[in-house]
Amino acid sequence: MKTAIQKCLDGEIFNTSDPHIQSLIHRARRLTKAYNQTASTDFNKRQKILSQLLAQIGSNVNIDTPFYCDYGKHISIGNNVIININCTFVDCNTIEIGSNVLIASNVQIYTATHSVEVTERLVADWDKNSPLPYFRTYALPVKIEDNVWIGGGAIILPGVIIGKNAVIGAGSLVNKSIPENCVALGNPCQVIREINK
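Okay, so let's go over this structure. (Residues numbered from 1 in each chain as written. Predicted model: local features only at pLDDT ≥ 70, side-chain atom pairs only at ≥ 80, totals over all residues. Heavy atoms only, no water.)

**Some details on helix 2 (residues 19–36)**
So, point 1. The terminal C-alpha atoms of helix 2 lie 25 Å apart, and with 18 residues this matches the ideal 26 Å at 1.5 Å per residue to within 8%.
So, point 2. Among the residues making up helix 2, those that are buried are I21, L24, I25, A28, L31, T32 and Y35. Taken down its axis, helix 2 places every buried residue within 135° of arc, on the same side. Facing away from the buried side of helix 2, by more than 90 degrees, are the exposed residues P19, H26, R30 and K33.
So, point 3. Residues of helix 2 that are buried in the fold lie against helix 1 (4–9), helix 3 (43–53), strand 2 (61–63) and strand 3 (67–69).
So, point 4. Two or three places before H20, at the opening of helix 2, D18 has a side-chain oxygen 3.0 Å from that residue's backbone nitrogen. (Helix = DSSP H or I, 4+ residues; strand = E, 2+ residues; numbered from the N terminus. Expected span 1.5 Å × (residues − 1). Buried < 20%, exposed > 50% of the residue type's maximum accessible area, 1.4 Å probe, protein only. Arc of directions from axis to C-beta. Contact = heavy atoms within 4.5 Å. Polar contact = N/O pair within 3.5 Å; in protein donor to acceptor, adjacent residues only side chain to side chain.)

Shown next, in the form of structure tokens:
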């Protein structure tokens, strides 16, 4: 029988109230609080916290504060990456960030989602004593490939892949995958031109 976290990573409906999942969330809250309270000049302390929080972190990575994430352990980051202030990564499923990536301020990356059908999203006749929440959640991975630049305030939704060298315009709502070597922007985010040809 699959655990809640296995269901989560397999893109299936999972129990967000599961004790193991709750322990991951509380751990991430503790570590992000500690990270956000560090001095920006205290490189060693910040790196130590990030190495505990994240699944993988490469060299020359700067995550500015404040930074927020849900589990932490599902985030992998390559080399030469900047994540600017006030970014939020809801990493119920995996968030993979390649190398040479620029992520501007206020970017939000979401892996968790719910059905748009109310009968699928909400549990009928839910009992507050139930070990399950009153809603159903599933999560899909997000991948940001090498050399990508994501503009400020962009929102990246579950299941999206942003191809290498792509540029995402500020304020974009990225609800589908974006191919490599292009500039894309808008709500919804759409390719407006190719680059690097």
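**Observations regarding unusual backbone geometry**
So, point 1. The omega torsion across T65 and P66 is 5°, close enough to zero to call that bond cis.
So, point 2. Note that P66 resides in the loop between strand 2 and strand 3.
So, point 3. Cis geometry marks the peptide bond from N187 to P188; its omega dihedral reads 0°.
So, point 4. Residue placement: P188 occurs in the loop between strand 18 (182–185) and strand 19 (190–194).

**Focus: a nonpolar patch on the surface**
So, point 1. Together, V118, L122, W126 and Y134 line one region of the surface with nonpolar side chains, adding up to about 370 Å² of accessible area.
So, point 2. By secondary structure assignment, the location of L122 is in the loop between helix 4 (118–121) and strand 11 (138–139). (Patch = residues over 30% accessible without salt bridge, like charges linked within 9 Å, V, L, I, M, F, W, Y side chains within 5 Å. Areas by Shrake-Rupley, 256 points an atom, 1.4 Å probe, with all protein chains shown as cover. Salt bridge = Lys/Arg side-chain N within 4 Å of Asp/Glu carboxyl O.)

**Regarding the sheet that holds strand 15 (residues 161–162)**
So, point 1. Taking strand neighbours across the sheet as the criterion, the five strands line up as 1-4-7-12-15 in an open arrangement whose pairing is parallel. Where the open sheet ends on each side, the last strands, each with one partner, are strand 1 (56–57) and strand 15. (Pairing = 2+ DSSP bridges.)

**Topic: the state of the cysteines**
So, point 1. Scanning the entire structure with this criterion turns up zero disulfides.
So, point 2. Sulfur of C182: no disulfide; nearest cysteine sulfur belongs to C189 and is 8.0 Å away.
So, point 3. Overall, the relative accessible area of 2% leaves C182 in the buried class. (Disulfide = S-S within 2.5 Å.)

**Some points on the nonpolar core**
So, point 1. I83, F89, I97, I103, I144 and I150 are the most contacted members of the largest nonpolar core, which has 38 residues in total.
So, point 2. Beyond its immediate stretch of four places on either side in the chain, I83 contacts N62, I63, D64, F67, I77, F89, I97 and I103.
So, point 3. In this structure, A4, F14, L24 and C92 belong to the second largest nonpolar core, which totals eleven residues. (Core = buried A, V, L, I, M, F, W, Y, C linked by side-chain atoms within 4.5 Å.)

**Here we look at the pattern of salt bridges**
So, point 1. Applying the stated criterion across every chain yields a total of three salt bridges.
So, point 2. We note a salt bridge from E12 to K2, for which the minimum N-O separation is 2.5 Å. Here E12, found in the loop between helix 1 and helix 2, pairs with K2, found in the segment before helix 1; they are ten residues apart in sequence, far enough to count as distant.
So, point 3. The partly exposed category is assigned to E12, whose relative accessible area is 31%.
So, point 4. You can call K2 partly exposed: its relative accessible area is 35%.
So, point 5. The partner of R29 in a salt bridge is D70, with the nearest N and O atoms 3.0 Å apart. Of the two residues, R29 sits in helix 2 while D70 sits in the loop between strand 3 and strand 4 (75–77), which places them 41 residues apart along the sequence.
So, point 6. Residue classification places D70 among the buried positions, given a relative accessible area of 15%.

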